[in-house]
Every structure is written in C-alpha cells, then in structure tokens.
Amino acid sequence: MQTQETRYFLVDGIRGFAVVNMVLFHFLYDVFIIYEKNPLWYHLPKVYFWQQMICWIFIFISGFVWTWAVDRNLWRGILLNVYGLLLSFFTLTVIPTEAIWFGILNFIGCAVLFLFPLQKILKKVSPIWGIMGCFFLFFLSRQIQYGYLGIGDFMQMQVPKFFYSIKVLTPFGFPFPGFYSSDYFPIFPWIFLYLCGYFFYKIFIRYPLWKKIACCKIPFLSAIGKRSIWIYLFHQPVCILLCSVLLK
C-alpha cells in the first residue's frame, strides 16, 4: 500500500492535467452541443482526439494505482459505482437528452472490483506480455459496441447479434438496439486499457530512478489530481450553471 511518504505526486499531476482538460472539454460541450452553439463541434477529429486522450489518461492511471491500496479497493469500487449511479440520476433528471448510463465512473468502479477474482491469473502473467497483450486486445475490441471485432480494416469479425439483444450485457459492450448514453464506457474494450496501467505499475516499481522522479510534485496539477473524484462529481453542475448565466 502506498504511504504518504512514498506518494507519487507526479501521478497525481498527470491525473490533474486530465482533470483540467476534462472540465474545459465538458464546458465547451455544454456550450456547443447542449446550448447548440455549434452542433458539429463534437464530431471534429481534433475534438475526438482530445476526448480520447482525457479518457485514456484516467483509465490507465486508475489501473496503475490499483495495487497501491488493495485493502481499500473493495470499498472504492463500490463507492465509484454509487457515484456513477448518482450521476446517471442527475443527468436523467436535469438533462434527460444527455443521460449517462454506465459512464466512466461505473466502468472504473467495476474494473476495480473485477481485478479481485483475476489476481491469481494476473500475477502469473509477465508485465511486458501483459501490456502488449492487453494493448492488442484493446484495439481489437474497440468497435465491439458497433457489432464487430477488428483493427481498422484488418481482422474484422462480426459479433453475433444475439449478444446485443440481451439488455444486461450492455455494460459489457453489447448495447441493445436504441440504447443511448452521452458517456458510455463498457467493460470491453476499456478493461484492457485499465489492465495496461495495472501491468505497467509492475514494471515501474522495479526502477528506483522512476520512483524517485514520480515523487516530484507538479504545482497546482498534483493538488488537483488528489481531488479528482470530487471535481468530477461537481464540475458539470457548475458548468451548466455558468452556461445558463452566460448564454441566456
């Protein structure tokens, strides 16, 4: 378990960088999409890249820190799922057209819990092979919610439609017809990116120089990263309030 004396503030700083970008992204999303100032904004390639960068950092870092506090992970996984459900209730009530079902909080909460029964298997996997294998599987299953597996135009394989007719499989990457969520992070493919972070920590911990560098603080960003969950929970209501005042 990570102690205060060995806290890796650089990791907090990287997470803080993602938090700042997330707040700015969601504010612009509210302006351009919810308030319809530019409905095409979300579909711009650079916006998609920006959004993916933010998500990748959050998920990779979440997997990276799993080992830090194994004794608290059960409670953390449950709590993240509760927060995710509260966020679903908030969006469904306040902005029903932008309702969130199984967003990133629910995904990370489930990923935290799923690693408990997988520990015996994961401990037997070489971290290098684990990262390479999970990274490959992540890209292979990137389009699973759209009905197929494959990397670009290569290795494409249709997923049986049967899986998409079972509603309880929606959190796993098999959304039923008509399903919509403004923030959807199913178990597949994102669990593989989470595991990349988990395996990378196994490599990171072997190098004293890396650990020494990771203890360095990034002013402002490290402090923000330590409070990322609270900022995530409350930033969107603040953004909506600002938009309602500024964009009357």
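Residues numbered from 1 in each chain as written. Predicted model: local features only at pLDDT ≥ 70, side-chain atom pairs only at ≥ 80, totals over all residues. Heavy atoms only, no water.

Description of the nonpolar core
Across soluble globular proteins, nonpolar side chains have a tendency to be buried as a group. Note the cut-off: By convention a nonpolar core is built from buried Ala, Val, Leu, Ile, Met, Phe, Trp, Tyr and Cys residues, the set being connected through side-chain atoms within 4.5 Å. In this scheme, a residue with accessible area under 20% of its type's maximum is buried, one over 50% is exposed, and one in between is partly exposed, where area comes from a 1.4 Å probe on protein chains only. Helix numbering and strand numbering both begin at the N terminus, where a helix is a DSSP run of H or I of at least 4 residues and a strand a DSSP run of E of at least 2. Contacts are assigned to residue pairs that have any heavy atoms within 4.5 Å of one another.
Counting residues in hydrophobic clusters, the biggest one holds 55 residues, and the most contacted among them are Ile59, Phe107, Ile191 and Tyr194. When contributions to this core are tallied by element, the ones reaching two or more residues are helix H1 (9–34), helix H2 (45–64), helix H3 (70–94), helix H4 (104–122), helix H5 (127–140), helix H6 (187–204) and helix H9 (228–246). Considering every element that reaches this core, the biggest residue donor is H6, with 12 residues. Filtering out sequence-adjacent residues up to four positions away, Tyr194 remains in contact with Ile59, Ser62, Gly63, Trp66, Arg76, Phe107, Ile108, Ala111, Val112 and Leu115. Within the second largest apolar cluster, 5 residues are counted, among which are Leu149, Val159, Tyr164 and Phe174.

Section: the packing of aromatic side chains
Here is the rule we go by: In this analysis, rings of Phe, Tyr and Trp, with Trp reduced to its six-membered ring, are considered paired at centre separations within 6.5 Å, and the interplanar angle assigns stacked below 30 degrees, edge-to-face beyond 60, and tilted for intermediate values. Charge-over-ring placement is defined geometrically: NZ (Lys) or CZ (Arg) within 6 Å of the ring centre, and within 35 degrees of the ring normal.
In total, this model carries 36 aromatic pairs according to the counting rule given. Centroid distance Phe114 to Phe172: 6.5 Å. Interplanar angle 15°. Geometry classified as stacked. Highlighted residues: Phe114 in helix H4 and Phe172 in the loop between strand S2 (154–158) and H6, separated in sequence by 58 residues. The exposure class assigned to Phe114 is partly exposed, which follows from its relative accessible area of 31%. Judged by its relative accessible area of 30%, Phe172 is partly exposed. It is Lys217 that lies over the ring of Phe9; its NZ or CZ is 4.6 Å from the centre.

Considerations on the pairing of S2
The test is simple: Two strands qualify as a pair provided that DSSP identifies no fewer than 2 bridges between them.
Here S2 lies mainly on the outside; 0 of its 5 residues are buried. Summarising the sheet, strand S1 (residues 148–151) and S2 pair through 3 bridges and their orientation is antiparallel. Its bridge partner being in S2, Leu149 is matched across the sheet by Met157. Taking the residues that link successive antiparallel strands as the turn, the S1-S2 hairpin has 2 residues, and the phi of Gly152 there is positive, at about 60°.

Some remarks on the pattern of salt bridges
Put simply, the rule reads: When a carboxyl oxygen of Asp or Glu is within 4 Å of a side-chain nitrogen of Lys or Arg, the pair counts as a salt bridge.
Under the defined criterion, the tally for this structure stands at 2 salt bridges. Close ionic contact of Arg7 with Asp12 constitutes a salt bridge, the shortest N to O distance being 2.7 Å. Judged by relative accessible area, which is 19%, Arg7 ranks as buried. Across the salt bridge formed by Asp12 and Arg15, the nearest N and O atoms sit 3.1 Å from each other. Of this pair, Asp12 and Arg15 both sit in helix H1, 3 residues apart, which is roughly one turn of that helix.

As for a nonpolar patch on the surface
Quick note on the threshold: Exposure above 30% relative accessible area and the absence of a salt bridge qualify a residue for a patch, where like charges join within 9 Å and nonpolar side chains (Val, Leu, Ile, Met, Phe, Trp, Tyr) within 5 Å. Computed by Shrake-Rupley with a 1.4 Å probe, the accessible areas treat only the displayed protein chains as cover when residues are assessed.
Together, Phe114, Leu118, Ile121, Val125, Ile128, Trp129, Met132 and Phe172 give the surface a local cluster of nonpolar side chains, amounting to about 740 Å² of exposed area. On the secondary structure map, Val125 appears in the loop between H4 and H5.

Considerations on the side chain of Gln51
Mapping Gln51 onto the fold places it in helix H2. Other than its neighbours up to four places away in sequence, Gln51 contacts Phe25, Tyr42 and Phe185.

Notes on H6
Rules: Take the number of residues in a helix, subtract one, and multiply by 1.5 Å to get its expected span.
End to end, H6 covers 25 Å across 18 residues, agreeing with the expected 26 Å (1.5 Å per residue, within 8%). Among the 18 residues in H6, 15 count as buried, and that is most of the element.

So, the environment of Phe179
Residue placement: Phe179 occurs in the loop between S2 and H6. Expressed as a C-alpha distance, the spacing of Phe179 and Lys167, which sit 12 residues apart in the sequence, is 9.2 Å. Setting aside residues up to four positions removed in sequence, Phe179 forms contacts with Trp101, Thr170 and Tyr184.

Comments concerning the side chain of Asn106
Turning to its location among the elements, Asn106 is positioned in helix H4. Beyond its immediate sequence surroundings of up to four residues, Asn106 is in contact with Leu80, Asn81, Gly84, Leu85 and Ser88.

So, the packing of H4 against H6
As a reminder, the rule being used: Only the stretch in contact is used when fitting a helix axis, every axis being a line fitted to C-alpha atoms; angles between N-to-C directions are given from 0 to 180 degrees. The labels follow the angle: roughly parallel below 35 degrees, roughly antiparallel above 145, roughly perpendicular from 65 to 115, and oblique for the rest. For a crossing to be left-handed, the near helix must be turned anticlockwise from the far one by less than a right angle; the clockwise case is right-handed. Polar here means any residue other than Ala, Val, Leu, Ile, Met, Phe, Trp, Tyr, Cys and Pro, which are nonpolar, and Asp, Glu, Lys and Arg, which are charged; Gly is therefore polar.
Viewed as axis vectors pointing N to C, H4 and H6 meet at an angle of 60°, and their least axial separation amounts to 10 Å. In terms of axis orientation, H4 runs oblique to H6. Viewed along their axes, H4 and H6 form a crossing whose handedness is right-handed. Where H4 abuts H6, its residues Phe107, Ile108, Cys110, Ala111, Val112, Phe114, Leu115, Gln119 and Leu122 lie against Ile187, Trp190, Ile191, Tyr194, Leu195, Tyr198 and Phe199. Residues belonging to the contact of H4 with H6 are distributed by class as follows: 15 nonpolar, 1 polar and no charged.

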